[in-house]
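What the coordinates show
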Amino acid sequence: GAGVSQSPRYKVAKRGQDVALRCDPISGHVSLFWYQQALGQGPEFLTYFQNEAQLDKSGLPSDRFFAERPEGSVSTLKIQRTQQEDSAVYLCASSRDREHQPQHFGDGTRLSIL
Amino acid sequence: DQQVKQNSPSLSVQEGRISILNCDYTNSMFDYFLWYKKYPAEGPTFLISISSIKDKNEDGRFTVFLNKSAKHLSLHIVPSQPGDSAVYFCAASSFYNQGGKLIFGQGTELSVKP
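The paragraphs below set out a description of the structure included in this document. Per chain, residues are indexed from 1 in the order of the written sequence. In the order they appear in the text, chains get letters beginning with A and ligands get numbers beginning with 1. Local features in this predicted model are restricted to residues whose pLDDT is 70 or higher, and side-chain atom pairs enter the listing and the counts only when it is 80 or higher, whereas totals over whole chains, interfaces and linings include all residues. Only hydrogens and water are set aside when side-chain values are computed; all heavy atoms of the structure are taken into account.

Turning our eyes to something else, we now look at the state of the cysteines. Residues and elements named next belong to chain A. Disulfides are defined as pairs of cysteine sulfur atoms found within 2.5 Å of each other. The tally for this structure, following the rule as stated, stands at two disulfides over all chains. Put simply, Cys23 and Cys92 are joined by a disulfide, and their sulfur atoms are 1.9 Å apart. The sign of the S-S torsion, about -65 degrees, decides the handedness of the disulfide formed by Cys23 and Cys92: left-handed. Pair noted here: Cys23 is in strand β3 (residues 19-24) and Cys92 is in strand β9 (residues 88-95), with a separation of 69 residues, a long-range link. Residue Cys23 is classed as buried on the basis of its relative accessible area of 0%. Elements are defined by DSSP. Helices are runs of H or I of four residues or more, strands are runs of E of two residues or more, and each kind is numbered from the N terminus. Relative accessibility under 20% of the residue-type maximum defines a buried residue, over 50% an exposed one, and the middle range a partly exposed one, all with a 1.4 Å probe and only protein chains included.

Take a look at the structure:
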C-alpha cells in the first residue's frame, strides 16, 4: 500500500510486560514521527527521526520508552515494564524532509494495559 | 501549557450550510498550520494546510484562514455534507525551531445533519 502502515492494530498486555509497536512509513519519506493520543485528546509528540537519526526524543514520557529506526525506514517503538497509564493510541506519521510538508498518519496501535 | 487550543469540543450544522471550526495558538514561532480529519478507529487524515506567509488557502469545499496578529486560524467547509462528520484537529509546527513536530489542539467533533 502507499500509506503509513502500523502493526499491530490492537495490543493488550499485562502491566509489567514489554511491548513493541511497528511503523512502516511511506516509501521515500525521510522524516518519521511517533505520537501518543489519549482518549478525547489530540495527539502528543513523542519522538522524531530523520532517516536513522533520532533528532528529538523530548516527548518520550519516561526512560521506559525507546524508539529506533536502524535502517532509516521501518521504526519500532518499545515500551518496557508497561504501566496502566501507557494505555493509549500510538500513532506514527511520515513526511518528506522539507519545510512545510504535511505529515501522513497510520491508523495507529491501540494499546491497552491490564 | 496548551500552545494550540480548539475551544469548541463539538459543532452541529445542517447539511448544505457552512461549518466553521476555530483554532487559537500562542507560539509566534509557528510557521505552518494544518487541519486533519479523523474518523473513529482511523488515523488523522491530512485535509489542508497554510504557511504563515499566507492568510488564506482554498481546496475545493475547504478553506483555511490565518490571522497572525490574532494568532487564530479557522477552517470553513462549504457546503457541509453528512460525510464531513468527524473530529477535526488543528495542528501547528515550526520546522526550523522544532524539526517539524506537530502540536495539536484537542479537536472539535463536527456533526452534519441531513
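This is not the end of the story, as more comes after the structure.
Residues and elements named next belong to chain A. Along strand β4 (residues 31-37), seven of the seven residues are buried, which leaves the element largely enclosed by surrounding structure. Neither face of β4 is open: one carries Ser31, Phe33, Tyr35 and Gln37, the other Leu32, Trp34 and Gln36, and all of them are buried. Here six bridges tie β4 to strand β5 (residues 44-50), and the two strands are oriented antiparallel to one another. Pairing of Leu32 across the sheet is with Phe49, part of β5. If DSSP finds at least two bridges between two strands, the strands pair. With antiparallel pairing between neighbouring strands as the criterion, β4 and β5 make up a hairpin whose turn holds six residues, including Gly40 at a positive phi of roughly 80 degrees. Relative to β9, β4 runs antiparallel, the two being bridged by seven bridges.

Here we take up the sheet that holds strand β1 (residues 5-7) of chain A. All names here are of chain A. Pairing is antiparallel in the open sheet, where four strands are placed in the order β1-β3-β8-β7. With partners counted over all chains shown, the strands left at the sheet margins are β1 and β7 (65-68), one partner each. The sheet shows a mean angle of 15 degrees between the axes of neighbouring strands, taken without regard to direction. The pairing of β1 with β3 spans three bridges and is antiparallel. If you follow Ser7 over to β3, its bridge partner there is Arg22. Geometry is summarised by axes, namely lines fitted to C-alpha atoms with helices restricted to the contacting stretch, and by angles between N-to-C directions that run from 0 to 180 degrees.

What follows deals with the pattern of salt bridges. Residues and elements named next belong to chain A. Counted as salt bridges are all cases of a side-chain nitrogen of Lys or Arg within 4 Å of a carboxyl oxygen of Asp or Glu. A complete count under the given rule lists five salt bridges over all chains for this structure. Linking Glu68 and Lys78 is a salt bridge whose minimum nitrogen-to-oxygen distance equals 3.3 Å. Note that Glu68 is positioned in strand β7 and Lys78 in strand β8 (residues 75-79), a separation of ten residues in sequence. Classification of Glu68 as partly exposed rests on a relative accessible area of 27%.

Now for empty space enclosed by the protein. Points on a 1 Å grid, built from protein atoms alone, make a cavity when a 1.4 Å probe fits but cannot get out and make a pocket when they are open with protein on both sides within 12 Å along at least 5 of 7 lines; residues with an atom within 4 Å of a point are the lining residues. Grid points are joined across faces, edges and corners, and a volume is the space filled by probe spheres set on the points. By the definition in use, this model includes one cavity of 30 Å³ or more. Space inside the largest cavity adds up to approximately 100 Å³. Looking at the largest cavity, it is lined by 15 residues, and the ones nearest its centre are A:Ser95, A:Arg98, A:Gln101, B:Phe95 and B:Gly100. Put simply, Ala, Val, Leu, Ile, Met, Phe, Trp, Tyr, Cys and Pro go in the nonpolar bin, Asp, Glu, Lys and Arg in the charged bin, and everything else, Gly too, in the polar bin. Classifying every residue of the lining of the largest cavity gives four nonpolar, eight polar and three charged.

In this model, the largest pocket occupies a volume close to 550 Å³. Around the largest pocket, the lining comprises 32 residues; the ones closest to its centre are A:Gln37, A:Ala38, A:Leu39, A:Gly40 and B:Lys38. Elements that contribute at least two residues to the lining of the largest pocket include exactly β9 and β11 (109-113) of chain A together with β9 (86-93) of chain B. By residue number, the principal contributor to the lining of the largest pocket is β11(A), which donates four residues. Tallied by class, the residues present in the lining of the largest pocket amount to 14 nonpolar, twelve polar and six charged. Volume-wise, the second largest pocket comes out at about 320 Å³.

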